[in-house]
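What the coordinates show
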Amino acid sequence: DIVSPGVRMQLQKTDGSETVKTIDLVGPLDANPEKGRINYMAPLGKEILGKSLGDMVFLQSGDNKEWRIASIEILDFVNQ
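Remember, it's a predicted structure, so these values are computed and weren't measured experimentally.

On to the overall build of the protein chain. Within the protein chain, the secondary structure is distributed over 1 helix and 5 strands. Listed by position from the N terminus, the elements making up the protein chain come as β-β-β-α-β-β. The C-alpha radius of gyration computed for the protein chain amounts to 12 Å, which stays within 12% of the reference 12 Å derived for 80 residues, consistent with globular compactness. Counting over 80 residues, the protein chain shows a buried share of 28%. When contacts within the protein chain are restricted to residue pairs at least 6 apart in sequence, those whose partners lie at least 24 apart make up 45%. Mean positive and mean negative side-chain charge positions of the protein chain (9 and 12 charges, respectively) differ by 4 Å.

All right, on to the pairing of strand E1 (residues 7-13) then. The side chains of a regular strand alternate, residue by residue, between the two faces of the sheet. The buried fraction of E1 amounts to 5 of the 7 residues, a majority that puts the element mostly inside the structure. In terms of strand pairing, E1 meets strand E2 (residues 20-26) through 6 bridges, oriented antiparallel. Residue pairing across strands places Gln 10 opposite Thr 22, the latter belonging to E2. Of the pairings in the sheet, the one linking E1 to strand E5 (residues 66-74) comprises 7 bridges and is antiparallel in character. Within E5, the position partnered with Arg 8 by the bridge is Glu 73.

What counts and what doesn't
- Residues numbered from 1 in each chain as written.
- Predicted model: local features only at pLDDT ≥ 70, side-chain atom pairs only at ≥ 80, totals over all residues.
- Heavy atoms only, no water.
- Helix = DSSP H or I, 4+ residues; strand = E, 2+ residues; numbered from the N terminus.
- Rg over C-alpha atoms; globule rule 2.2 N^0.38 Å.
- Buried < 20%, exposed > 50% of the residue type's maximum accessible area, 1.4 Å probe, protein only.
- Contact = heavy atoms within 4.5 Å.
- Lys, Arg positive; Asp, Glu negative; His and termini not counted.
- Charge placed at Lys NZ, Arg CZ, Asp CG, Glu CD.
- Pairing = 2+ DSSP bridges.

What follows is the structure, given as structure tokens:
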């Protein structure tokens, strides 16, 4: 229930839209920002590390909007 390395989370915009973004929080060797795989030591990773389900996150992306953590699940690295 807490964001840590090795989890996938769904983030939902808090502006009332149905927009959802998927982010995998991974270690440096598995990071690939273009595919939503974020290094937990990167600025975005540090921002969301330790957050819980329902917490708000402000993403420094093109839209600069606040997002809510809608789901957290453990990554299955074998099938990635």
